[in-house]
Amino acid sequence: SILFSGQIRNPKTPLTLIKMSPDTLTGQAGEELSEPLALKVLDADQIPVANQAIDFKVGTGTTGEITSAGATNYLGIASATYKVGVQSGDQIVTAKLSGTSEFIVFLIRAQSGRPVSITATAAAEDTVGQIVPFTVTVKDNSGIGVPDIPVTFSITEDGYNAQIIGNPRKSTDP
């Protein structure tokens, strides 16, 4: 038989958080990030700390959500899965080391997806001989507005028509 022996070591304070993810992550609005938000906890001797609780929180005004998170593993690494909020732009997630004031910030840049639908809406109907303003909205497959997409307009017997010009974003674009 083989006998192993060892001793339990309590981590030396202060504990330190190290961000393992890139400084800025980019994902499609309404979808999960392709990689988790990850960090490492080290003690004062730079030894990983296992079973350390980490509190991941979505920033105020951000519509994203943490879909899974856990304590640090035996390597001192904790991670969280993040579903990007539906608004385009920057989103913030903080990760706080429970019981301390130590925290780090993750910046997620949300992008709209490939344009798949277009809607044109006139302010008034049946206004012969007058200028009628109208609005064109381009949306991705999640129903999120896609900015800066060139469109063409035409007048038809039934009213008006709007079309996306070409293929402004390939399906491989975020």
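Residues numbered from 1 in each chain as written. Predicted model: local features only at pLDDT ≥ 70, side-chain atom pairs only at ≥ 80, totals over all residues. Heavy atoms only, no water.

Enquirer: If you had to explain the pattern of salt bridges to someone new, which residues and values would you point to?
Expert: Within this structure, the stated rule accounts for four salt bridges. Between Lys12 and Asp45 there is a salt bridge, with the nearest N and O atoms lying 3.2 Å from each other. Of this pair, Lys12 sits in the segment before strand 1 (16–19) while Asp45 sits in the loop between strand 3 (37–42) and strand 4 (54–58), placing them 33 residues apart in sequence. Given the relative accessible area of 46%, Lys12 is considered partly exposed. On the accessibility criterion, Asp45 (39% relative accessible area) is partly exposed. The partner of Lys19 in a salt bridge is Asp23, and the shortest N-O contact between them spans 3.8 Å. With a relative accessible area of 61%, Asp23 lands in the exposed category. (Salt bridge = Lys/Arg side-chain N within 4 Å of Asp/Glu carboxyl O. Helix = DSSP H or I, 4+ residues; strand = E, 2+ residues; numbered from the N terminus. Buried < 20%, exposed > 50% of the residue type's maximum accessible area, 1.4 Å probe, protein only.)

Enquirer: Could you give an account of the packing of aromatic side chains, naming the residues involved and the relevant values?
Expert: Per the stated rule, a full pass over the model turns up one aromatic pair. Its guanidinium or amino end placed over the ring of Phe106, Lys19 lies 5.6 Å from that ring's centre, counting from NZ or CZ. (Phe/Tyr/Trp six-rings, centres within 6.5 Å; stacked < 30°, edge-to-face > 60°. Lys NZ or Arg CZ within 6 Å of the ring centre and 35° of its normal.)

Enquirer: So what about the pairing of strand 8 (residues 103–111)? Which residues, and what values?
Expert: Sheet analysis places strand 2 (residues 24–28) next to strand 8, joined by five bridges and oriented parallel. Bridged to Gln28 within strand 8 is Gln111. Summarising the sheet, strand 7 (residues 89–97) and strand 8 pair through eight bridges and their orientation is antiparallel. Residue pairing in the sheet places Lys96 in a bridge with Phe103 of strand 8. Linkage of strand 7 to strand 8, two consecutive antiparallel strands, is achieved through a turn of five residues, within which Gly99 is found at a positive phi near 80 degrees. (Pairing = 2+ DSSP bridges.)

Enquirer: So what about a nonpolar patch on the surface? Which residues, and what values?
Expert: Among the surface-exposed residues, Ile92, Phe103 and Val105 lie close enough to one another that they form a single nonpolar patch of about 250 Å² accessible area. In this structure, Phe103 sits in strand 8. (Patch = residues over 30% accessible without salt bridge, like charges linked within 9 Å, V, L, I, M, F, W, Y side chains within 5 Å. Areas by Shrake-Rupley, 256 points an atom, 1.4 Å probe, with all protein chains shown as cover.)

Enquirer: Give me the confidence of the model for the protein chain: which residues, what numbers.
Expert: When pLDDT is averaged along the protein chain, the result is 82; 85% of the residues meet or exceed 70. For the protein chain, the element scoring lowest by mean pLDDT is strand 12 (residues 159–164), at 65; strand 3 scores highest, at 97. A low-confidence stretch, residues 169–174 (pLDDT under 50), is modelled with eleven contacts involving residues beyond four sequence positions or located in other chains. (pLDDT = per-residue confidence, 0-100. Contact = heavy atoms within 4.5 Å.)

Enquirer: How would you explain the sheet that holds strand 6 (residues 77–83) if you had to name every residue and give the values?
Expert: Picture the strands of a sheet paired through backbone hydrogen bonds; they go either parallel or antiparallel. If you walk across this open sheet you meet the four strands as 1-3-6-5, and the pairing is antiparallel. Where the open sheet ends on each side, the last strands, each with one partner, are strand 1 and strand 5 (65–69). Sheet twist, expressed as the average angle between the axes of neighbouring strands with direction ignored, equals 30 degrees. Across four bridges, strand 5 lies against strand 6 in antiparallel orientation. Opposite Ala69, over in strand 6, you have Ala80 as the bridge partner. (Axes fitted to C-alpha atoms, helices over the stretch in contact; angles between N-to-C directions.)

Enquirer: I'd love a proper account of the side chain of Thr72, names of residues and values included.
Expert: With respect to the helices and strands, the residue Thr72 is situated in the loop between strand 5 and strand 6. What makes Thr72 buried here is its relative accessible area of 3%. Within polar-contact distance, the side chain of Thr72 engages the backbone oxygen of Val49 at 2.8 Å. (Polar contact = N/O pair within 3.5 Å; in protein donor to acceptor, adjacent residues only side chain to side chain.)

Enquirer: So what about unusual backbone geometry? Which residues, and what values?
Expert: Each neighbour pair has its own omega, and for Thr13 with Pro14 the value is 5 degrees, a cis peptide bond. In this structure, Pro14 sits in the segment before strand 1. Unlike most non-glycine residues, Gln46 shows phi in positive territory, near 65 degrees. Position of Gln46 among the secondary structure elements: in the loop between strand 3 and strand 4.

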